[in-house]
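Single-letter residue listing:
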Amino acid sequence: MSKSLLRKLRNALIVLFGVSLIVFMLMYLSGDPIALLLPMDTAPEVAEAMRESLGFNDPLYIQYFRFLSGAVRGDFGNSLHHNQPAMGLIIERMPATIELTLASVLIALAIAVPLGLVTAVFSNTIIDYIGSILALIGQSMPVFWLGLMLLYVAGVKYRLLPITGRGTWQHLLLPAFTVGAYTAATIARMLRSRMIEIMQQDYIKTARAKGVRHKWIVLKHALRNAVLPVITILALQLGTLLGGAVITETIFAWPGVGRFMLQAIQNRDIAIVQAGVFILAVSIVFINIFTDVIYTVLDPRIRYE
Amino acid sequence: MRILEVKGLKKYFPVKIGLNKTAYVKAIDNIDFFVNEKETLGLVGESGSGKSTTGMAILRLLEPTSGEILFNGKNITKIKQREMQKHRKDMQIVFQDPFASLNPRWKIGKTIGEALEIHKIAKGKDKQRRIDELLDIVGLPSESKNRFPHEFSGGQRQRIGIARALAVNPKFIVCDEPVSALDVSVQAQIINLLNDLKEEFGLSYLFIAHDLGVVRQICDRLAVMYLGKIVEIASTEDIFLKPKHPYTKALLSAVPVADPLAKREEIILSGEMPNPISPPTGCGFRTRCHMATDLCVDSRPNLEQIDNDHQVACHYSDKIGGRKNVEIFAAQTT
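Here the structure is a predicted model, which means the values were calculated and not measured.

Chemist: For this particular structure, what's the right way to read the packing of helix H8 (residues 169-199) of chain A against helix H10 (residues 214-242) of chain A?
Modeler: Packed helix pairs are specified by the crossing angle of their axes together with the interaxial distance, meaning the distance between the axes. All names here are of chain A. Their axes nearest at 9 Å, the elements H8 and H10 cross at an angle of 145 degrees. Classified by chirality, the crossing of H10 by H8 is right-handed. Of the residues that constitute the contact of H8 with H10, the class distribution is 18 nonpolar, five polar and one charged.

Chemist: Honestly, the pairing of strand E10 (residues 229-235) of chain B in this entry has me stumped. Any pointers?
Modeler: Along any regular strand the residues' side chains alternate between the sheet's two faces. All names here are of chain B. Along E10, five of the seven residues are buried, which leaves the element largely enclosed by surrounding structure. Direction of pairing for strand E9 (residues 221-226) relative to E10: antiparallel, over a ladder of six bridges. Within E10, the residue paired with Arg221 across the bridge is Ser235. Hairpin remark: E9 followed by E10, antiparallel, with two residues in the connecting loop; positive phi at Leu227, about 50 degrees.

Chemist: What's the story with the pattern of salt bridges in this structure? I'm lost.
Modeler: For side chains of opposite charge, pairing can occur when their charged atoms come near one another. Using the criterion set out here, one finds 25 salt bridges over all chains in the structure. In this structure, Arg192 of chain A and Asp128 of chain A form a salt bridge, with 2.8 Å as the shortest nitrogen-oxygen distance. In this pair, Arg192 of chain A sits in helix H8 while Asp128 of chain A sits in helix H6 (residues 126-140), placing the two residues 64 residues apart along the sequence. Across the salt bridge formed by Arg130 of chain B and Glu133 of chain B, the nearest N and O atoms sit 2.6 Å from each other. Residue Arg130 of chain B and its partner Glu133 of chain B are both found in helix H4 (residues 124-137); the two are separated by three residues, about one turn of the helix. One network of salt bridges, in which partners are shared, links Lys210 and Lys220 of chain A together with Glu114 of chain B.

Chemist: Would you take a moment to explain the sheet that holds strand E4 (residues 66-71) of chain B for this structure?
Modeler: The strands that make up a sheet are held in pairs by hydrogen bonds between backbone atoms, and each pair lies either parallel or antiparallel. Residue and element names in this part refer to chain B. Spatial ordering of the open sheet is given by E2-E1-E4-E5, a layout of four strands whose pairing is antiparallel. Two strands close off the open sheet at either side, each with one partner strand: strand E2 (21-36) and strand E5 (74-75). Here strand E1 (residues 2-17) pairs with E4 via five bridges, running antiparallel. Note that in E4 the partner of Lys10 across the bridge is Ser66. Across the sheet, helix H1 (residues 51-58) touches E1, E2 and E4, and the angle it forms with E2 is around 70 degrees.

Chemist: In this structure, what is going on with the domain arrangement of chain A? I would like to understand it.
Modeler: Accessible area lost when the parts come together is the quantity often used to give the size of an interface. All names here are of chain A. Domain assignment breaks chain A into domain 1 (2-72) and domain 2 (95-298). Taken over C-alpha atoms, the centre of domain 1 sits 34 Å from the centre of domain 2. Counting from both sides, the interface comprises 16 residues of domain 1 and, opposite them, 13 residues of domain 2. Approximately 1300 Å² of surface area, both sides summed, lies buried where domain 1 meets domain 2, with 83% of it carried by carbon and sulfur atoms.

Chemist: I'm lost on the sheet that holds strand E3 (residues 40-44) of chain B in this one. Help?
Modeler: Residues and elements named next belong to chain B. Read from one edge to the other, the open sheet built from eight strands follows the order E6-E7-E8-E3-E9-E10-E12-E11, with strand pairing classed as mixed. The open sheet has two free edges, formed respectively by strand E6 (91-94) and strand E11 (304-307), since each of these has just one partner strand. The mean angle between the axes of side-by-side strands here comes to 20 degrees, regardless of whether they run parallel or antiparallel. Alignment of strand E7 (residues 172-176) against strand E8 (residues 204-209), held across five bridges, turns out to be parallel. What sits directly across from Cys175, in E8, is Phe207. Helix-sheet contacts for helix H6 (residues 184-201) involve E3, E7 and E8, and the interaxial angle to E8 is about 160 degrees.

Chemist: How should unusual backbone geometry be read in this particular structure?
Modeler: What is expected of a backbone is that most residues other than glycine have negative phi and most peptide bonds are trans. Despite not being glycine, Ala253 of chain A shows a phi value in the positive range, around 50 degrees. Along the chain, Ala253 of chain A falls in the loop between helix H11 (246-251) and helix H12 (257-266). Even without a glycine there, the phi angle at Lys38 of chain B is positive, about 60 degrees.

Chemist: What's the story with a nonpolar patch on the surface in this structure? I'm lost.
Modeler: All names here are of chain A. On the surface, Val118, Val121, Phe122, Ile126, Ile127, Tyr129, Ile130 and Leu134 cluster together to form a nonpolar patch covering roughly 730 Å² of accessible area. For the nonpolar patch, the secondary-structure elements that each account for two or more residues are helix H5 (86-121) and H6. In this structure, Leu134 sits in helix H6.

Chemist: Would you explain the interface of chain A and chain B in this entry?
Modeler: With 20 residues of chain A at the interface, the matching set in chain B holds 28 residues. Around 2300 Å² of area is buried between chain A and chain B when both sides are counted, 52% of it from carbon and sulfur atoms. Ranking the residues of chain A by area buried against chain B places Ala209, Lys210 and Arg301 of chain A at the top, with a combined share of 27%. Taken together, the connections running from chain A to chain B amount to two salt bridges. Close ionic contact of Lys210 of chain A with Glu114 of chain B constitutes a salt bridge, the shortest N to O distance being 2.8 Å. Put simply, chain A and chain B have 12 residue pairs in polar contact (both at pLDDT 80 or more) between them. Along the lines of polarity and charge, the residues of the side of chain A that touches chain B split into seven nonpolar, four polar and nine charged.

Chemist: What exactly am I supposed to notice about the state of the cysteines here?
Modeler: Every disulfide links exactly two cysteines, by a covalent bond between their sulfur atoms. Residue and element names in this part refer to chain B. This model, assessed by the stated rule, comprises zero disulfides over all chains. The thiol of Cys219 is unpaired, and the distance to the nearest cysteine sulfur, on Cys175, comes to 9.0 Å. Residue classification places Cys219 among the buried positions, given a relative accessible area of 7%.

Definitions and cut-offs
- Residues numbered from 1 in each chain as written.
- Chains lettered and ligands numbered in written order.
- Predicted model: local features only at pLDDT ≥ 70, side-chain atom pairs only at ≥ 80, totals over all residues.
- Heavy atoms only, no water.
- Axes fitted to C-alpha atoms, helices over the stretch in contact; angles between N-to-C directions.
- Helix = DSSP H or I, 4+ residues; strand = E, 2+ residues; numbered from the N terminus.
- Left-handed = near helix turned anticlockwise from the far one by under 90°.
- Nonpolar A, V, L, I, M, F, W, Y, C, P; charged D, E, K, R; others polar.
- Buried < 20%, exposed > 50% of the residue type's maximum accessible area, 1.4 Å probe, protein only.
- Pairing = 2+ DSSP bridges.
- Salt bridge = Lys/Arg side-chain N within 4 Å of Asp/Glu carboxyl O.
- Contact = heavy atoms within 4.5 Å.
- Domains from an automatic or database assignment.
- Buried area = accessible area lost by both parts, 1.4 Å probe.
- Patch = residues over 30% accessible without salt bridge, like charges linked within 9 Å, V, L, I, M, F, W, Y side chains within 5 Å.
- Areas by Shrake-Rupley, 256 points an atom, 1.4 Å probe, with all protein chains shown as cover.
- Polar contact = N/O pair within 3.5 Å; in protein donor to acceptor, adjacent residues only side chain to side chain.
- Disulfide = S-S within 2.5 Å.

Next up, the structure:
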């Protein structure tokens, strides 16, 4: 166990090294980083002085090592726009994003598990058809459209909930539902098909032969076995969401990392983009490792040797 | 005393063909048989002949379309599932695939112990003691209870499956091809175990198999199924020595014999079993039978008594015989 965990951590380092290369290259995306940082009509001498002072005349590998040594210390330089350390600005906005992520995952589970179970148990009945169509709609609806519709109906037309900003739990509801709807639909559909498959298994027949009540067969025997792909989807979703739900955060003016990153991109604030992408990569890598560990706990057949 | 009696049992599966039409697969089509106390009845036939469906329908793991199932003289065909739970204590099943029939996330002890709690047989320390005892009966160490199914070999898993079935002290066990998935050497161990358990606990089995060599070693009587019907039913000895149905003869001729010099009549069945959605008219076996005549096309032979406890469904059963399978019988017995 610990040996495989060490191997995973080693692999994670390799991945992060690759990520650091890519993040570093973001600077050169448009060819000349100075052109990216300065207005078009800057005098050439000023640009040259800037290039020299920021170290862009050094060989590329020296620039990279300078970047890397900063990055491992969490230093991505100052934001040009805010004139503060980029990392600090990102970290400041993390709680909002984490809050939105967790809330959306909770909402997704609260919808998906009952929906998946009910559609599986009543498969090929009218209940299943309605449930499955709902799930399909949830999966195929674009996030921006769902967000705008919720905003309009719940926020503007009936004035049930606040539509922008962060603060109370009411503020959280609309954006969390918007983000969670897709996850909920995906999990519900996955759970339904896994449950139907599992209910055909011999060990379910065994349980029935033992005299286990149907309710307990579904909950004790089938659900636990169907839960693994759900964990997979959740983990993937969690990793992505921690980088900020860009569209949703923008629609609801949620002060999280996603919206902040979008603004940074619009302002050509490269340091913030670099710090943000790096944080996103780190969180995805570690959530993946964590998921692998959860797998071994949930399914005794999985052992990483 | 008959522990199980099945009368006119049918199980039809609806199949949608086209938008509005429904056809029926007659998986079991009007079968009658019984199992005596402390007896093993073998149910043999090709894949798709309806053997497993029969086993499942008897235990009400599938709802029969019509017919009657009498267990210990009580009609259990129509009772509610809730009431059926009580009878599950007396009738159990061992499945073909010992791995698939154990919940992969549950330790063996939990799987075996679950039925003990449901039927309020034992709990707490008593339950643990009973689990140890059951594992011992099937020849597994008691530490096994703390391990997961994937940690065992095929033969061991089938032992676990048997221990699980035995947990509730059943009187009757449906063995649904319990050794088909196992190596030949392991098959023999499991067959011996089943035979020992039968003696020790006075069990009755319905033993479903497609391998006549295997049923030979465990069954008192045999029922041969084809296309959802029983075509012949007799004592194991009679089936082997005096088969009266051409299908039974064909099955027997396919049993391998250890003696390479033994001369036997070989009947090789051509083709597949007909589609059970549209079975042939008259006798179901006529499409593959070398003896079929117009009579077989026009009229369906009923299962008729031809000898003491020997029933066969063939118009020409009196013309079959003479050819004896003594060597098969002898070879398998030794």
